[in-house]
Structures are given as structure tokens and as C-alpha cells.
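For reference, the chains in residue letters:
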Amino acid sequence: MSYAKVIIDISAEAIDRAFTYRIPDELTEMVRPGVRVKVPFGTGNRLRNGYVIELSETVDFDESKVKDIAGLSPKAMKATSDLIEIATFMAREYGSTLNQALVTALPVKREIRKNSRRTDPVKRIEELGYGEKEDEVLNEEQQKAVSEILSETGRPSLLYGITGSGKTRVYIELIRRMQKEGKQTIVLIPEISLTYQTVNELASHLGQRIAVLHSKLTEGERYEQYDRAQKGEIDVMVGARSAIFTPFENLGLIIIDEEHEKAYISDTSPRYDVREVAVRRAELSGAKLLLGSATPSVESYKKALDGEYSLSVMKKRASWGARLPEIIVSDMRDELAQGNKNVFSLKLYSLICDRLEKGEQTMLFLNRRGYAGFVSCRSCGFVVKCPHCDVSLTAHNDWYRDPDTGVRKAALLSCHYCGYTAPMPGRCPECGSKFIAPFGTGTQKLEQAVKRTFPGARVLRMDADSTQAKDAHEKILSEFRNGNADILIGTQMIVKGHDFPNVTLVGIVAADQSINVPDYGAAERTYQLLTQASGRAGRGEKEGAVVIQSYEPSHYAIQMAAGRNYEDFYKREMGFRKLMKYPPEVSLLSVRLQSEDEGLLDEASARAAGLLTEQGKYVGVTVIGPCEAGVYRVNDVYRKVIYLKHEKREILLKLRDTLQEFIRTEYKNRKIFLNYDIK
Ligand code: ADP
Ligand code: ZN
Ligand code: ZN
């Protein structure tokens, strides 16, 4: 390699442009991506600091104009060079451009807009009044986990601890050990606004030297937090995905809480899996990596069984007197047969009454927001669909202004894919019948049903619609925590990690919802949701109960969640994945092609599949598709998918690069967009 691409200092403009320099012979050994160098730049060839991002054999312009790297810069920051290596890794692994990867991984300095009042998230937490807390004495299981994790070198650790087993307390202990050694910790949680409690807990134990990366921070504020980390002003960073890029100079530990969460995979390019990036980051900085969950992903649990990760297990609830709740499955087919047409089974109904009498709290979980699932005509069966997407519209009982008359009316239809809204039609647009009505139950309708069935009960609802205002999450949660409500209704937002000691009943209103999703991970996600939701009950001294309502109660995800049997679920699920050749048994590359032009998309995806089949057959790659995506059209863009399976991920990545090149050259100026997902 004789040339190096160098970015001059880290700023927004510099990342958009890299400059090529010749590597003098005496430096060939030392220059590699991430290394800090001095290079002549601009008028007068003043020496400036820069970072090498890429090496190459050739330059594609006049060679005589290329300047030499002047030398290595002595103050190379370890963190920055690690992050540049990570960016190169991400670009390669997830098929993004290097620029996209660099912008994602490096703290980019941007102006903080005047007037934007700085809100320090930790201060805000303190204002909520959680204050300082004493550390509880670790119980036996927690002590064992801590020492196992500390003694592990060279491989990540998985902490499988049931809900309420006190994982947070283990994290705090480990972070303290790091602090004593002068090392820093990154704590990843799936979504900050939903897990305020974890942040509170950590902040109240660890005090001032902790910072939080909040999804509502501006880019300037985000940079400021990174900057504090780099300067050594803090030693714990808590945040969602992007906190993995915190430029700590002496990183000792990375914790990924609730490691099974889908939120750990980025949905914009580079579509990275933060668990994989964390493995890299830990290797580069010699840090420990800890993955924690009550419902480990089958991928991670398999790695633990294979010895790629160490495994620590905690099976008891930590809090004094806390017991695991009783789990009852209500068969909704029986309820219907007995004439019960309500959303509540008789059991759930009577338990809610009981809790209201005792002054204890109930959480009702339903993973569908809005009023009803869809709107259809009883006379002809017509279903109201989005004009821009292949999905039915969801009914909401919000207010809207009638465009013709200007009158305010209730009930609005909205598309959860593109945001399109329309008024609820008075008559069927197809046959003119009056019998057009919303079907299925969403959280708004559930709220109405609760208020009607239990008059006098104080009810709160938490879902994407009720939490649009800043701080709305915390407001609802603290209202509930302070006992200002008897029943909290919500989507999956309410199941994650919350610890409410007075909740003694959890009702899962429609457990089948997530089973019938056309995705090989549907059973796993159902198991996780049910277990996490159940885990909210009985965390204090009072006895708890969980009611799971289902039309398919014999499904193994429901049976094993009810039986609290993770190991059996894992065996069953892995049997299925093996049989069907799904991850983690094999690697799976999903290629998604998108275009506004349906004809062009047909052609491009057929040719892409042809190319992949042709090239893949020599190495034994299975190609499935092209087929239409689960929702074929979203926002007037058509989507097709091709699946590739093989034991070796490397082989799939090579094919992906070939395909990318093919689309780039063959469809240069025509609009075909590609994205990938590798498992
Ligand atoms: P998890 O994250 O594993 O679901 P948490 O960390 O939220 O569990 O802990 C559950 C409850 O147990 C919390 O109220 C916590 O304060 C309490 N707890 C944790 N460890 C101990 C301990 N060693 N002694 C007493 N209570 C504990
Ligand atoms: Zn009709
Ligand atoms: Zn739509």
C-alpha cells in the first residue's frame, strides 16, 4: 500500500472529504486506518493533524500532485483510532459507504444553536426526585455473577437473570470496580425514554460522573456529551445504540442491558447490530463486554452454550419478599363459547376487581395503538386501505377537522406506515352500506372498555399517541408510580424494565398478536414480550398474578412463557431454526430492493436474483426470491426481497458486494435502492 486517505481533523466538512497522501517508505509499517498523522495542507502547506481512514495502491488523479505524509502525530488518541477502525468495520460488514460509517461512529462537532436551552439529562433526573441511594448488599447469586464476569478475559459474558433478579445492582457493582481502576463504562439500554428507571437507578447510585445520551438531544448537545467523555470528566455513559461510540480513552466495560431488543439494530445505513459493534470495540480497547437479559436472544444463548460467551445465571428475585407471580392462561375460545364477548376473560375481570378493592395496581398490555385494528364493511367486506401503502388504515378516536365543513369530529383513520390520515367514512365507499365499522381492539378502545367496565377506576394510557410531548413518558410513569392511577394501559412501551412494587396484576390482552407475524423470529419475540410483561407483576412484597389471554393457548411460545421455562423454549426454538435453516443455524442475508417504478423493480430484482443464483451456486448458497415484501408498497414505493442462506457469513458478504456493484453499474441513474440485513 503506498497511499493513504486522510481526513483533516474531525469536523463535519472533513468527513465529507478525504485527501490522498503518499506514504513514505519509512512509515509504511506504521500507517494504517485510525493512525493520527501530520500532513501538509492548504496554502503554505502548513502541517495539520489528520486521521488515516483507508489505504490504497493507486491514486485516480495526477500522481505528481500527491504530497507525502510528513510524519506520525505523537498524541494519537486511542479512542478516535479505535472508532475509525470500527467505522471501517461497519462499512465493510453492513455495506454502507465509509462516509456514512464515519459520520455514525465519530463525534462530529456541530454548532450548538443559540437559544436551544441546554438540558442536562442527569439534572433532569435529579429534579424528578430520586436522589441518592445506598447500595444493597449483593445476594449470593449476584456476588457469583460479579466474580464470574470479572474473572472472564478475552470473551464476552452473558448474564441471564430472570426479571427482578437484580441485574442493575450487578451492573452498578461492576461499574464501581471499573471506577476504582480508573476505567470507564458504556451502558446501553434499548430506548432511554422508556427506561428512565434504569437511568435513575444508575444515576442515584453512581452520582455525578455519569452522562446520558438521550434520543431527544440535539446534535450539538450530543457532541458536548461525547466531549465530556473524551476529556475524562465522566466515567459512565448511558445511552441507546449510539452511546457505543463514546470516545472514552480507557474503556473498561461495555454493558448491553436487555440485549435481546430489536432496537439494538440500526434502521438507517449503516444498519449495524450494536452487539456486533460492541464485540469489536471491546476487542480493540481490551474492555469487557456484558450482555444482560431475562430472555436472551437465541443467538446469544447459543453462543453462550457454544462457549463463545461465558454464562452467568440468576434465577431468584432479589428484592426481599418478592416472589414470582402466578401465571394463568385464559383460553378466549372458551370464553366466547360461554357467551363472554368482552375483551376481558372472566378471570382477568375478577382479578382486576380484586385489585381495585385492595388498592393495588394493574397493568394491561396490548400491542396495538389506536382505537381499532381496521375498518370494514359488514355488508360487502370492504376494508379501508391506505392509498399509498398496502395496509389497512387504523382507526383512532382523536379529533380532526372535517375538510368540507370545518366541523370538528371524532374518529380518524391513519396509516401507521406513512402517516396518511382520512376521516372515518359514514358509508361504505364500495357498496354504500351504513354498516361500516372499526374492528379489533387498540389501546384507545381498551381504555374506553376499562372505563366502562370499571367505573371509578383511575386509568392511564401510554403509547406512541399519548407520549408525543417531551417528557410525556416520565410524567405518565411517575403518575403511576406515585399511585395516582389504578390501571396503566399500554403498548410494549410499558413492559420494558419497569419496576413498580405496587403492581400485583398484569393482563396480556391479546397474546397471539405477535405470533402471527410472518417472520421466523415471531415465536421468540412473543416469548420475550410475554415474559417481560409478566415480569412487571409481583416485584414487591405482595403476591402477584399474570393473566395471558389467547386464542391459541397451546402454542409453545405461550406455554413456555407461562411455564417460565427459558431452556425448554430455547431447545424447541432451535429445533425449529435447525429444521428450517434459519439463523442462528445459518447466516441469512436479506436484500431489499425498492423503487417507485414497479416495472423497473420487477426487472432489477429478477436480474439480481439471477446473478446471485449464478454466482452463489458454486459455493452452495441458497437463494430464495425475489418475492414481495410483507407490506409490498409503502408510501408509493414498491419493495421486493431476496433471501440468501449459507453457513458462512463471509460468503454472503462477498455476494452482497457483487450485487451492489452490479446494481450501481447497471442501474446508474435509475432509481433502485438497496438495503441489507445480515443475521
Ligand atoms: P432486573 O433488572 O433483573 O429485572 P432490578 O435490577 O430492577 O431487576 O431489581 C429488582 C428489584 O430488586 C429492585 O427493586 C432492586 O432494588 C431490588 N434488589 C436488587 N438487588 C437487591 C439486593 N441484593 N437486595 C435487596 N434488593 C435488591
Ligand atoms: Zn360495503
Ligand atoms: Zn400509508
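Residues numbered from 1 in each chain as written. Chains lettered and ligands numbered in written order. Predicted model: local features only at pLDDT ≥ 70, side-chain atom pairs only at ≥ 80, totals over all residues. Heavy atoms only, no water.

Would you take a moment to explain the nonpolar core for this structure?
Side chains of nonpolar character tend, in soluble globular proteins, to be buried together. Ranked by size, the top nonpolar core spans 110 residues in total, and within it Met90, Phe245, Val277, Ile508, Ile548, Ile642 and Leu644 carry the most contacts. Among the elements that line this core, the one with the most residues is helix H2 (residues 78-94), at 8 residues. Leave out the neighbours within four places in its chain, and Phe245 touches Leu83, Ile86, Met90, Thr104, Ala105, Tyr226, Tyr272, Val277 and Arg281. Counting 26 residues, the second largest nonpolar core, distinct from the first, contains Val187, Leu202, Leu206 and Met314. (Core = buried A, V, L, I, M, F, W, Y, C linked by side-chain atoms within 4.5 Å. Buried < 20%, exposed > 50% of the residue type's maximum accessible area, 1.4 Å probe, protein only. Helix = DSSP H or I, 4+ residues; strand = E, 2+ residues; numbered from the N terminus. Contact = heavy atoms within 4.5 Å.)

Would you mind showing me how to read the site of ligand 1 here?
Taken together, 17 residues lie near ligand 1, and Glu136, Val137, Gln142, Gly164 and Asp499 sit nearest. A distance of 2.7 Å separates a nitrogen atom of ligand 1 from a polar backbone atom of Val137. Between ligand 1 and Gln142 there is a distance of 2.8 Å, counted from a nitrogen atom to a side-chain nitrogen or oxygen. Protein chains shield 80% of the accessible area of ligand 1, which is 570 Å² for the free molecule. Take the shell around ligand 1: its biggest share by element is 3 residues, from helix H6 (residues 167-180). (Near = heavy atom within 4 Å. Polar contact = N/O pair within 3.5 Å; in protein donor to acceptor, adjacent residues only side chain to side chain. Areas by Shrake-Rupley, 256 points an atom, 1.4 Å probe, with all protein chains shown as cover.)

Sorry if this is basic, but what is going on with the coordination of the zinc ion (ligand 3) here?
In an ideal octahedron of six donors the angles at the metal are 90 or 180 degrees, and in an ideal tetrahedron of four donors they are 109.5 degrees. All of the protein donors around the zinc ion (ligand 3) are Cys386 (SG), Cys389 (SG), Cys415 (SG) and Cys418 (SG); their distances to the metal are 2.3 Å. Around the zinc ion (ligand 3) sit 4 donor atoms; with metal-centred angles ranging over 107 to 112°, the donor geometry is tetrahedral. Sequence positions of the residues that donate to the zinc ion (ligand 3) give the spacing C-x2-C-x25-C-x2-C. Accessibility assignment for this pair places Cys386 and Cys389 in one class, buried. (Donors = N, O, S within 2.8 Å, 3.2 Å for Na, K, Ca; no water. Tetrahedral: all angles 85-135°; square planar, octahedral: opposite > 155°, others 65-115°.)

Would you take a moment to explain H2 for this structure?
Given 3.6 residues to a turn, an α-helix orients residues that are three or four positions apart in the same direction. Between its first and last C-alpha, H2 extends 24 Å over 17 residues, near the 24 Å set by a 1.5 Å rise per residue. Counting buried residues along H2, 13 of its 17 residues qualify, which places the element largely inside the surrounding structure. Once H2 ends, the next one or two residues include Gly95, with phi positive near 65°. (Expected span 1.5 Å × (residues − 1).)

Quick question: what am I supposed to make of the pattern of salt bridges here?
Where charged atoms from two side chains of opposite charge approach closely, those side chains can pair. Tallied over the entire structure, the rule returns 41 salt bridges. Within this structure, Arg92, Glu93, Glu276, Arg649 and Glu650 form a network of salt bridges that share partners. (Salt bridge = Lys/Arg side-chain N within 4 Å of Asp/Glu carboxyl O.)

How should I be thinking about the packing of aromatic side chains in this particular structure?
To describe a pair of aromatic rings, one takes the distance between the centres and the angle between the planes. This structure, assessed with the given rule, holds 18 aromatic pairs. With 6.2 Å between their ring centres and 85° between their planes, Tyr160 and Tyr301 make a pair best called edge-to-face. Of the two residues, Tyr160 sits in strand S7 (residues 157-161) while Tyr301 sits in helix H10 (residues 298-305), which places them 141 residues apart along the sequence. No difference in accessibility class separates Tyr160 from Tyr301, as the two residues are buried. Pairing Tyr349 with Phe454 gives two aromatic rings, centres 5.5 Å apart and planes at 25°, and the pair type is stacked. Of this pair, Tyr349 sits in helix H12 (residues 346-358) while Phe454 sits in the loop between helix H13 (443-453) and strand S21 (459-462), and the two are 105 residues apart along the sequence. (Phe/Tyr/Trp six-rings, centres within 6.5 Å; stacked < 30°, edge-to-face > 60°.)

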